[in-house]
Amino acid sequence: MRDASEVVHGYPHLDTVRAALTALYRRLSSDTILSYAPSVAPADVAFSDVDDLHLGAQRVARALVQQLRLPDARMIVSFSEMEHAASVELTAGPEYFIELNDRFRTHRRDIGAALAHEITHVLLHRLGLSFPGTRDNEILTDTATTYLGAGWLLLDAYREDRDSSQKLGYLTPEEFGYVLAKRALVFEEDPRIWFTSPQGYTAYTKGKAQALRDEQQPPLTTAGWAGRHRYAKDRRYALDHSAAPPAADPGMPYAFERVGDGLRVAFACPTCQQRIRVPVRGRVRARCGLCRTVLECDT
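I will try to describe carefully the structure that is included in this document. Residue positions are counted from 1 within each chain, in the order its sequence is given. Where totals are concerned, whole chains, interfaces and linings use all residues; where local detail is concerned, this predicted model gives features only for residues with pLDDT of at least 70, and gives and counts side-chain atom pairs only at 80 or more. Side-chain figures throughout are based on the complete set of non-hydrogen atoms in the structure, without hydrogens or water.

Here the focus is the overall build of the protein. Elements are defined by DSSP. Helices are runs of H or I of four residues or more, strands are runs of E of two residues or more, and each kind is numbered from the N terminus. The helix and strand tally for the protein stands at 10 helices and 11 strands. In this treatment the radius of gyration is a C-alpha quantity, and the globule benchmark scales as 2.2 Å times the residue count to the 0.38 power. Taken over the C-alpha trace, the protein has a radius of gyration of 21 Å; the compact-globule value for 299 residues is 19 Å, and the two agree within 12%. Judged by the C-alpha coordinates and their principal axes, the protein covers about 70 × 45 × 35 Å. Exposure categories follow from relative accessible area, calculated using a 1.4 Å probe and restricted to protein chains: below 20% of the type maximum is buried, above 50% is exposed, and the middle band is partly exposed. Counting over 299 residues, the protein shows a buried share of 50%. Within the protein, contacts between residues at least 6 apart in sequence are counted, and of these 59% link residues at least 24 apart. To measure how exposed things are, a 1.4 Å probe is used in the Shrake-Rupley method; for residues, cover is taken only from the protein chains shown. Put simply, the protein shows about 14100 Å² of open surface, and 49% of that area lies on carbon and sulfur atoms. Placing the 37 positive and 38 negative side-chain charges of the protein at their respective mean positions leaves the two points 9 Å apart. Any pair of residues with heavy atoms lying within 4.5 Å of one another is described as a contacting pair. The convention is simple: Lys and Arg are positive, Asp and Glu are negative, and His and the chain ends are not counted. We put the charge of a Lys on NZ, of an Arg on CZ, of an Asp on CG and of a Glu on CD.

Put into structure tokens, the structure is as follows:
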């Protein structure tokens, strides 16, 4: 796991995050993902300065193993001088060795965050789920950690003021907030009550706004007036030009496709980001074949 002295903000990895959500649903299935409820409780991963360092780390690791539904996975946690925040030795098991940066000896409140990321590496290793390249694979790990109920710890470990900053993981704070809000919408949780970091709380509210925008894009009936107006204009053009629909704009959340004599629109499911295609014929109800979310559309 990487930590950073200079915190990047915004959504530079959003496409990879969305691809990670789709990959997670494809590998685990909707029913399995729903079994990751509720999120790990703050009391189960609390770590005070009076706790024994190694016993406390083992206790938190066990709680995270249980949250991530890892069977027979014993985590051996040690501390050493290292460049990164943490690392894990991925073997066949049943024991996994996690090293944490020595600074966590005196920053114990963030041990849970570091362990959550590394234990998710173990889970993804067992599932055989990975992305090519270190960067994208770490983004997948951050996304999975957050969506499966342990990643709010990573966002709560984000702190920044005029003189110093700390952030764990590869996602920006707002991207962590985005994934956490995606989970909250599906699991009907309110993670705001768990934050001890004011900056983490703010990043969550920004990420939630981005996540809600996914739920308000045409052809969904929840789209705003401007989006519906633009969609109607693009649909009219596609219907009037029978040879081909307009070229897809990379910035648009939908694209028209001609199939035989008919027209259909393709767009991303707001829950799992799987591409959905429905006929252009007014009000339709669509069910995502991957996450089974029912979507009300006005095509």
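Once that is clear, we can look at the packing of helix α1 (residues 14-28) against helix α8 (residues 173-187). Interhelical geometry of α1 versus α8 gives an angle of 35° and a closest axis separation of 10 Å. Between α1 and α8 the crossing geometry is right-handed. Across the interface between the two elements, L14, V17, R18, L21 and Y25 from α1 touch E175, Y178, V179, K182 and V186 from α8. Angles here are taken between N-to-C directions and fall from 0 to 180 degrees, while the axes themselves are lines fitted to C-alpha atoms, restricted in helices to the stretch in contact. What makes a crossing left-handed is the near helix being turned counterclockwise from the far one by less than a right angle; a clockwise turn instead makes it right-handed.

Quick look at the nonpolar core now. Formed by 95 residues in total, the largest nonpolar core has its most connected members in L64, M75, L100, L115 and I119. Element by element, the count of residues in this core is highest for helix α5 (residues 111-127), at 10 residues. We define the nonpolar core as a collection of buried residues of types Ala, Val, Leu, Ile, Met, Phe, Trp, Tyr and Cys that are connected through side-chain atoms lying within 4.5 Å of one another.

Time to look at the environment of A286. The topology assignment puts A286 in strand β10 (residues 283-287). A286 gets classed as buried once you look at its relative accessible area, which sits at 7%. In this structure, the C-alpha to C-alpha distance between A286 and S29, residues 257 residues apart in sequence, is 18 Å. Among residues more than four places away in sequence, those in contact with A286 are V278, T293, V294, L295 and C297.

This part is about the pattern of salt bridges. By definition here, a salt bridge exists when the distance from a side-chain nitrogen of Lys or Arg to a carboxyl oxygen of Asp or Glu is within 4 Å. One pass over the full model with this rule turns up 14 salt bridges. Residues participating in the shared-partner salt-bridge network are R18, K182 and D214.

On to the sheet that holds strand β2 (residues 74-80), then. Sheet architecture is open: three strands sit in the order β2-β4-β3, paired in mixed fashion. Edge strands, defined here as strands with exactly one partner in the open sheet, are β2 and β3 (86-89). Averaged over all pairs of adjacent strands, the angle between their axes in this sheet comes to 20°, without regard to strand direction. Between any two strands, at least two bridges found by DSSP are needed for them to pair. Of the strand pairs in this sheet, β2 and strand β4 (residues 95-101) are connected by seven bridges, and their pairing is parallel. Within β4, the position partnered with R74 by the bridge is E95. Relative to the sheet, α5 contacts β2, β3 and β4, its axis offset from that of β4 by approximately 145°.

Note on aromatic contacts: the rings of Phe and Tyr and the six-membered ring of Trp form a pair at centre separations within 6.5 Å, being stacked when their planes are under 30 degrees apart, edge-to-face when over 60 apart, and tilted otherwise. Per the counting criterion, the structure on display carries seven aromatic pairs. A centroid spacing of 4.9 Å and a plane angle of 75° characterise the contact between Y231 and Y254, whose relative ring orientation is edge-to-face. Of this pair, Y231 sits in helix α10 (residues 225-240) while Y254 sits in strand β7 (residues 254-259), placing them 23 residues apart in sequence. Here Y231 matches Y254 in class, with each residue buried. When the ring of Y231 is compared with that of F256, the centres are 5.4 Å apart and the planes differ by 40°; the resulting orientation is tilted. With Y231 in helix α10 and F256 in strand β7, this pair connects stretches of sequence that are 25 residues apart. The same class applies to Y231 as to F256, namely buried. Sitting above the plane of the F187 ring, R183 keeps its charged end 3.9 Å from the centroid. Two conditions define a charge located above a ring, namely a distance within 6 Å from the ring centre to NZ of Lys or CZ of Arg, and an angle within 35 degrees of the ring normal.

In this model, helix α6 (residues 134-147) (14 residues) spans 20 Å end to end at C-alpha, consistent with the 20 Å of a helix rising 1.5 Å per residue. The buried count for α6 comes to 11 of 14 residues, which makes it a mostly enclosed element. Considered for burial, the residues of α6 that qualify are N137, E138, I139, L140, T141, D142, T143, A144, T145, T146 and Y147. Next to the buried residues of α6 lie α1, α2 (30-34), α5, α7 (152-156) and α8. For a helix, the expected span equals 1.5 Å multiplied by the residue count minus one.

Reading across the sheet, the three strands line up as β7-β8-β9 and stay open at both edges, with antiparallel pairing between neighbours. Two strands in the sheet have a free side with no partner beyond their single neighbour: β7 and β9 (275-279). Ignoring strand direction, the axes of neighbouring strands in this sheet form an average angle of 30°. Bridge analysis of β7 against strand β8 (residues 262-268) gives six bridges, and the strand direction is antiparallel. Residue pairing for β8: F256 is matched across the bridge by V265. Sheet contacts for α10: β7 and β8; angle to β7, the most-contacted strand, approximately 20°.

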